[in-house]
Amino acid sequence: MGEFVKLEITDGIGTIRLDRPPMNPLSTQVQEELREAAHSAASSDVVKAVVVYGGEKVFAAGADITEFTTQSYPDMVLRAGELSSAFDSVARIPKPVVAAITGYALGGGCELALACDWRVVADNAKLGQPEIKLGLIPGAGGTQRLARLVGPAKAKDLVFSGRMVDAEEALRIGLADRVVPAADVYATAIELVKPFVTGPTLALRAAKQAIDGGLNTDLASGLALESQLFAALFATDDRTEGTSAFVAKRKPTFTGR
């Protein structure tokens, strides 16, 4: 476990917990610890689903801006790809992943939330990409994942203005999937992914790969990817169990194989 990012596993659910109070700034060290935690969650046979959580008060209020004041263009040419790939490591976890958002999810914090499959948001939370106010743009997926999620026009509104949105607007535009009282955010996130703990692991992995991979290509290529993944699942024990259970009118018992 890292100094500021920890992977905690309970009942098949891994919680990637940010713990750098008071605002969980995403420094270079935090980014690399996040990468390590994501890789651990992805490779663990015990972890079937993941919650990304910043604690009861804040998700993550953005990058550690103090680092930016000392970095030059040559420095960032070397670092920018690593910054993006650290967040991408969360997006590439081949399991259901939900962000549990309290307080602020701004800049890199919002980008981290965008790297998850869903976002459970506290009713008093604020989300946004304020980089433009620093003379910058989002650099860890914000211009790409946000546009894919809410559409290019709304993404340009948020990125160009740098304004924050509240939970109600986030839900309306598709940036949030569920809005609940702040005290219920983590528990709601757990409940969202709990059904996947006993689900068909390989089919869930294939479903995520098909959807995410298809979004990054044309329809014909996406359909070809889907067909390949669909056919491959006929080699799994879970497909045999699922289809047999259906015919026998019983509940399937999946083993993740």
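All residue numbers refer to positions counted from 1 along the written sequence of the respective chain. Reporting in this predicted model follows two pLDDT cut-offs: at least 70 for local features of residues, and 80 or more for side-chain atom pairs to be given and counted; totals over whole chains, interfaces and linings ignore these cut-offs and use all residues. The basis for every side-chain value is the complete set of heavy atoms in the structure, and neither hydrogens nor water enter the calculation.

(A) Spotlight on the pairing of strand 4 (residues 97–101). Throughout this description, buried means an accessible area under 20% of the type-specific maximum (1.4 Å probe, protein chains only), exposed means over 50%, and partly exposed covers the range between. Each helix is a run of H or I in the DSSP string that is no shorter than four residues. Each strand is a run of E no shorter than two, and both are numbered from the N terminus. Of all 5 residues in strand 4, 5 are buried; the element is thus mostly enclosed. Burial along strand 4 is two-sided: Val97, Ala99 and Ile101 facing one way and Val98 and Ala100 facing the other are all buried. At least two DSSP bridges between two strands are required for those strands to pair. Bridging between strand 3 (residues 49–53) and strand 4 involves 4 bridges; their strand directions are parallel. Pairing of Val52 across the sheet is with Ala99, part of strand 4.

(B) Main features of the sheet that holds strand 4. Strand order in the open sheet formed by 6 strands is 1-2-3-4-6-9, and the pairing between neighbours is mixed. In this open sheet, the two edge strands, each paired with only one partner strand, are strand 1 (5–10) and strand 9 (178–180). Neighbour to neighbour, the strand axes of the sheet diverge by 20 degrees on average, direction disregarded. As paired elements, strand 1 and strand 2 (residues 13–18) share 6 bridges and run antiparallel to each other. When the bridges of strand 2 are listed, Leu7 appears paired with Ile16. Here, residues are in contact when the closest pair of their heavy atoms is within 4.5 Å. To get an axis, fit a line to the C-alpha atoms, keeping to the stretch in contact for a helix; angles then go from 0 to 180 degrees between the N-to-C directions. Here helix 8 (residues 185–193) sits on the sheet and contacts strand 2, strand 3, strand 4, strand 6 (118–122) and strand 9; the angle it forms with strand 6, its principal contact strand, is near 155 degrees.

(C) How the structure looks around the environment of Leu215. Along the chain, Leu215 turns up in helix 9 (residues 201–215). Taking relative accessible area as the criterion, Leu215 reaches 58% and is therefore assigned exposed.

(D) Highlighting the packing of aromatic side chains. Centres within 6.5 Å are what make two rings of Phe, Tyr or Trp a pair, Trp counting through its six-membered ring; a difference in plane orientation under 30 degrees is then read as stacked, over 60 as edge-to-face, and the rest as tilted. Scanning the model with the defined rule gives 3 aromatic pairs in all. Both rings, one in Trp118 and one in Phe196, keep their centres 5.8 Å apart while their planes meet at 5 degrees; by these two values the pair is stacked. With Trp118 in strand 6 and Phe196 in the loop between helix 8 and helix 9, the pair connects residues that are 78 residues apart, well separated along the chain. The class for Trp118 is partly exposed, based on a relative accessible area of 26%. Phe196 gets classed as partly exposed once you look at its relative accessible area, which sits at 22%. Taking 5.4 Å as the distance between ring centres and 75 degrees as the angle between the ring planes, the aromatic pair formed by Phe230 and Phe234 counts as edge-to-face. Our definition puts a charge over a ring when NZ of Lys or CZ of Arg is within 6 Å of the ring centre and also within 35 degrees of the ring normal. For the cation-ring pair, Arg20 lies above Phe4, with the distance from its terminal atom to the ring centre recorded as 5.3 Å.

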